[in-house]
Amino acid sequence: MSGGAVPGPDGLARCPWGLEAESKEDYRVYHDTEWGRPVHGDDALFERMCLEAFQSGLSWLTILRRREGFRAAFAGFSVAKVAAFTEADAERLLADPGIIRNRAKITAALGNARVAAEWAPGELDALIWSYAPDPAGRRAPRTAADVPATTPESIALAKDLKKRGFRFVGPTTAYAMMQACGLVNDHLADCHAR
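Counting restarts for each chain: residues are numbered from 1 in the order of the written sequence. In keeping with the predicted nature of the model, local features appear solely for residues at pLDDT of at least 70, side-chain atom pairs appear and are counted solely at 80 or more, and the whole-chain, interface and lining totals rest on all residues. Each side-chain value is derived from all of the structure's non-hydrogen atoms; neither hydrogens nor water enter the calculation.

Peer 1: Please provide a residue-by-residue account of the packing of helix H5 (residues 87–94) against helix H6 (residues 103–117), values included.
Peer 2: Comment: axis = line fitted to C-alpha atoms, over the contacting stretch for helices; angle = value between 0 and 180 degrees taken between N-to-C directions. Comment: elements are numbered from the N terminus, with helices defined as DSSP H or I runs of at least four residues and strands as E runs of at least two. Between H5 and H6, the least distance of the axes is 10 Å, while the angle of their chain directions is 140 degrees. By the angle between their directions, the pair H5 and H6 is classed as oblique. Every pair of crossing elements has a handedness; the one defined by H5 and H6 is right-handed. Between H5, through Glu87, Ala90, Glu91, Leu93 and Leu94, and H6, the contact on the second element is made entirely by Arg103, Ile106 and Leu110. Amino acids outside the nonpolar list (Ala, Val, Leu, Ile, Met, Phe, Trp, Tyr, Cys, Pro) and the charged list (Asp, Glu, Lys, Arg) are all regarded as polar, and Gly is one of them. Taken together, the residues of the contact of H5 with H6 sort by class into 5 nonpolar, no polar and 3 charged. Working definition: roughly parallel below 35 degrees, roughly antiparallel above 145 degrees, roughly perpendicular at 65 to 115 degrees, and oblique for all remaining angles. Helix crossings fall into two classes, left-handed where the near helix is turned counterclockwise from the far one by less than a right angle and right-handed where it is turned clockwise. Pairs of residues are marked as contacts when any of their non-hydrogen atoms sit within 4.5 Å.

Peer 1: Account for the nonpolar core, naming residues and giving values.
Peer 2: In these notes, a set of buried Ala, Val, Leu, Ile, Met, Phe, Trp, Tyr and Cys residues joined through side-chain atoms within 4.5 Å is what counts as a nonpolar core. Each residue's exposure class comes from its accessible area (1.4 Å probe, protein chains only) as a fraction of the maximum for that residue type: buried when under 20%, exposed when over 50%, partly exposed otherwise. Membership of the largest hydrophobic core comes to 52 residues, with the highest contact counts inside it found for Phe70, Phe74 and Phe166. Among all residues touching Phe70, those that are not within four sequence positions of it are Leu51, Phe54, Ile63, Phe77, Gly98, Ile99 and Ile100. In terms of nonpolar packing, the next biggest core, distinct from the first, is built from 5 residues, Ala5, Cys15, Cys191 and Ala193 among them.

Peer 1: A description of the pattern of salt bridges should follow, citing residues and the corresponding values.
Peer 2: The salt bridge criterion pairs a side-chain nitrogen of Lys or Arg with a carboxyl oxygen of Asp or Glu, the two atoms within 4 Å. Per the stated rule, a full pass over the model turns up 16 salt bridges. Two residues, Arg71 and Glu68, come together in a salt bridge whose shortest N-O distance is 2.8 Å. Linking Arg71 with Glu68, this pair stays in helix H3 (residues 60–73), spanning 3 residues, or about one helical turn. By relative accessible area, Glu68 is classed as exposed at 53%. Between Glu91 and Arg103 there is a salt bridge, with the nearest N and O atoms lying 3.4 Å from each other. Here Glu91 is found in helix H5, whereas its partner Arg103 is found in helix H6, with 12 residues between them in sequence. Since its relative accessible area comes to 48%, Arg103 is described here as partly exposed. Salt bridges sharing partners connect three or more residues here, namely Glu34, Glu47, Arg48, Arg67, Glu68 and Arg71.

Listed below in structure tokens is the structure:
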């Protein structure tokens, strides 16, 4: 999809992915109410980091439809609670049909929580937001083709997170998190949510 925003049934112009045929309602709600809105707080950002990592190689719709299952399985994405998960918890997660049962991604989520739990409250938030580019230096994308998969900031954020011990946070995953958490506004120029 490389065109501009498209009108939905309600007449509002949206980014094309927000109206994908198989999942109009799921994507529309996420697009209109959450994606690109600023997210703060260590637990909230940890959740987005985990969900973006679990999405790697899959459809975002798969993650959206299992989000409540993820929240239940991962103790609401409380950094402190997930950091305390044991090997028995990891095995429980591997058997949970309400989430994506990928050992490497589960292990990364638990390890990332342990890293973040060693930091002072607000430190994860501050680190991630320190990589938000100056919005004045970014033109609004006109088409989906204008939206990058990575940026210098996402590459630097991924490198910094990896250096600190985080896993499953490559530049593309880092950029998807930056988009989802409002560090960048990649709603198309004529999208109503911009």
